[in-house]
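Inside the fold
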Protein chains: 2
Amino acid sequence: MRIGIYGYGNLGRGIECAIKNNNDMELVAVFTRRNPQSVKIQTEAAKVCAAADVDKFKDKIDVMVICGGSATDLPKQTPELAKMFNVVDSFDTHARIPEHFANVDKAAKDGGNIALISAGWDPGMFSLNRLYATAILPNGNDYTFWGKGVSQGHSDAIRRVKGVKNGKQYTIPVESALAAVRNGENPKLTTRQKHTRECFVVAEEGADLAAIEKEIKEMPNYFADYDTTVHFISEEELEKNHSGIPHGGFVFRTGCTGWNNEHNHVIEYSLKLDSNPEFTASVIAAYARAIYRLHQEGGIGCKTVFDIAPAYLSPLSNEELRASML
Amino acid sequence: MRIGIYGYGNLGRGIECAIKNNNDMELVAVFTRRNPQSVKIQTEAAKVCAAADVDKFKDKIDVMVICGGSATDLPKQTPELAKMFNVVDSFDTHARIPEHFANVDKAAKDGGNIALISAGWDPGMFSLNRLYATAILPNGNDYTFWGKGVSQGHSDAIRRVKGVKNGKQYTIPVESALAAVRNGENPKLTTRQKHTRECFVVAEEGADLAAIEKEIKEMPNYFADYDTTVHFISEEELEKNHSGIPHGGFVFRTGCTGWNNEHNHVIEYSLKLDSNPEFTASVIAAYARAIYRLHQEGGIGCKTVFDIAPAYLSPLSNEELRASML
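Predicted, not measured: the structure shown is a model, and the values here were computed from it. Residue positions are counted from 1 within each chain, in the order its sequence is given. Chains and ligands are labelled sequentially in the order written, the chains with letters from A and the ligands with numbers from 1. Only residues with pLDDT of at least 70 get local features here, since the model is predicted, and only at 80 or more are side-chain atom pairs given and counted; chain-wide, interface and lining totals rely on the full set of residues. Computation of side-chain values: all heavy atoms of the structure, hydrogens and water removed.

1. Considering the overall build of chain A
Applied cut-off: Here a helix means four or more residues in a row that DSSP labels H or I, a strand means two or more in a row labelled E, and each is numbered from the N terminus. C-alpha atoms define the radius of gyration in this analysis, and the globule rule sets the expected value at 2.2 Å times the number of residues to the power 0.38. Each residue's exposure class comes from its accessible area (1.4 Å probe, protein chains only) as a fraction of the maximum for that residue type: buried when under 20%, exposed when over 50%, partly exposed otherwise. For this analysis, residues touch if any pair of their heavy atoms sits within 4.5 Å. Computed by Shrake-Rupley with a 1.4 Å probe, the accessible areas treat only the displayed protein chains as cover when residues are assessed. Neither His nor the chain ends is counted toward charge; the positive residues are Lys and Arg and the negative residues Asp and Glu. Lysine's charge is taken at NZ, arginine's at CZ, aspartate's at CG and glutamate's at CD.
Assigned secondary structure in chain A consists of 11 helices and 14 strands. Here the C-alpha radius of gyration of chain A, 22 Å, is about what a compact globule of 326 residues would show, namely 20 Å. The dimensions of chain A, computed from C-alpha atoms along their principal axes, are 65 × 60 × 35 Å. Scored against the burial criterion, the 326 residues of chain A give a buried share of 57%. Put simply, of all contacts in chain A between residues at least 6 apart along the chain, 68% involve residues at least 24 apart. Accessible surface, chain A: about 13700 Å² in total, of which carbon and sulfur atoms supply 47%. For chain A, the distance from the average site of its 36 positive side-chain charges to the average site of its 41 negative ones is 3 Å.

Right, dumping it as structure tokens:
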């Protein structure tokens, strides 16, 4: 499988690592909007090319992994590239998925290609677990918790506060809420009861720390509905202890069965990830394999993780899977 | 969807409950090898029929759920019934799955039907989680733990011991082993380090308790490789505290990513089930929906959970799924 990477940020670098871990994949080229000479990659055999030259690779790449952002990059890039390539993206603006799907579906069908959107862990593996668990226990409740992990959006919000030089924000699930759900108590949980937010802030010299803390804690949408803690630390400490991008979370379904709903069940799926982008990239790599195969069978159009039979993700044959994993 | 149940034990009764919880399903008939007059079911609108008359329902049932045992029933029943019906079974003898698959595949293709074998949670949901997690993290380790729950096979083994009137056996995962795996330590675990076995035994009057305990603890395959506890209790206490059929377990994949394998990840899937047969039945019901739809699209032959795209399990449309669960 010949893979291209379109966009070389954290996710693109994660894809490069994932390709190294999958023997049936080969990185052909990384495409960048920067000057290609300025971008150093780790794979010796692969090229770095200008994004504008991507059409020259139409017959040299089996699956293009698009690593742009969901806000403005992917809504434009995925439909454009789906006309030329089989593509996978990690579009994660949940509310705009139906619109993105429609645009990508049309482009992929026009080009005779397959596109898979919204691969990763949420959307992605968490979505799959919500679907499976709800289909199995129609009579029940869903819970999704995120963390402990770094939220990029909330970290950005901190850094926009006046007097803040740098900052990182961790989203943390509330242990007692997790325990109540796991225990089958079916709690009704407010936003505040589900997660706390912990901020590590580097202030500019002479900044008003009390004012920064107040502005963060009262910021609507981002922090006002949560119990938020703000720690002021040095740039060195931020670099030393908070430069990773860990994340994770939990998907629960609790539900009952029996003629009189007398039996309770708890389904729990959880992830604990040292590197959010590398794990997302690992999911994307497996789905790149899946759509490559589906395309070989004649499949076209836009898909999501819901549409892909699990066997397509594995390098093993169906016979091997049944003998070893069923 | 018109459903038939072939065999009315714990699993068959669970299927009946699952159908009640799924509005798009209707129970047509229960088929039994016993005298149909002697079998009471809970669904007023459904019939109880002799297993021998099943062929008369060829055009009246969309999916037949086969609820026999894996040792001798299913290897015979599933191929036979797959000639006449779309069928689902819960065949769980892992080592014989390839052989069973081949037999059922031939019969289903001969009949123009779809069959799905080995639905449930292990094989079933646990298998799916092994596949997904291994495809995502090719560089890692798998761990499956079972329990706390009642093992039917081990309970049967206890009851065959001389002087034993009745008994129940619980399989229990070792907490410290779970913690080490969850912590990403990648431990190498022996059989003894993974699970303990706890037995509740009702002895016959005057039986030699020490001899019973010794025979259980030293029983090869079943108990000798485990730390086993034996409690002698009264028939009343067994009935009062140990008449349920709870089960559950854990599937882990721990693996690393990064150019130098520097980042660790833990994927965990767990089930805590009040009723093993009713949860198994709930999984089967969702897969009955899936194969009914696949058959409407022209699909035939034998499938497993690996071959079914998740969207087929849900009563929601693809548009609804993308808008609500992705």
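2. What to know about helix α6 (residues 175-182) of chain B
Residues and elements named next belong to chain B. The condition is simple: In this description, one arc is meant: the one made by directions from the helix axis to the C-beta atoms.
Buried residues of α6: Ala177, Leu178, Ala180 and Val181, and no others. Seen along its axis, α6 keeps its buried residues to an arc of 165°; they face one direction. Looking at α6, the residues exposed on the side facing more than 90 degrees away from the buried face are Glu175 and Ser176. Once α6 ends, the next one or two residues include Gly184, with phi positive near 75°.

3. Some points on the side chain of B:Lys194
Residue and element names in this part refer to chain B. The cut-off we apply is this: Each reported salt bridge corresponds to a side-chain nitrogen of Lys or Arg within 4 Å of a carboxyl oxygen of Asp or Glu. N or O atoms closer than or at 3.5 Å make up a polar contact, with two conditions inside protein: a donor-capable atom paired with an acceptor-capable one, and, for residues adjacent in sequence, both atoms drawn from side chains.
Along the chain, Lys194 falls in helix α7 (residues 191-194). An unpaired buried charge is present at Lys194: no salt bridge exists, and Asp122, the closest side chain of opposite charge, is 9.4 Å distant. Polar contacts involving the side chain of Lys194 include one to the main-chain carbonyl oxygen of Thr144, which spans 2.8 Å. The contact partners of Lys194, leaving out residues within four places of it in the chain, are Thr144, Phe145, Ile172, Pro173, Val174 and Leu189.

4. Here's the deal with the relation of the copies chain A and chain B
Rules: The atoms used to superpose the copies are C-alpha atoms, taken from residues with pLDDT of at least 70 in both, and the fit is least squares.
Overlay of chain A on chain B (RMSD 0.0 Å): rotation 180°, translation along the axis 0.0 Å. With respect to symmetry, the two chain copies, as superposed, fit the operation of a two-fold axis. Looking at the rotation axis and the C-alpha trace of chain A, the residue lying nearest is A:Ala309, at 1.9 Å. Here 99% of the contact residues of chain A are again contact residues in chain B; the copies associate through an equivalent surface.

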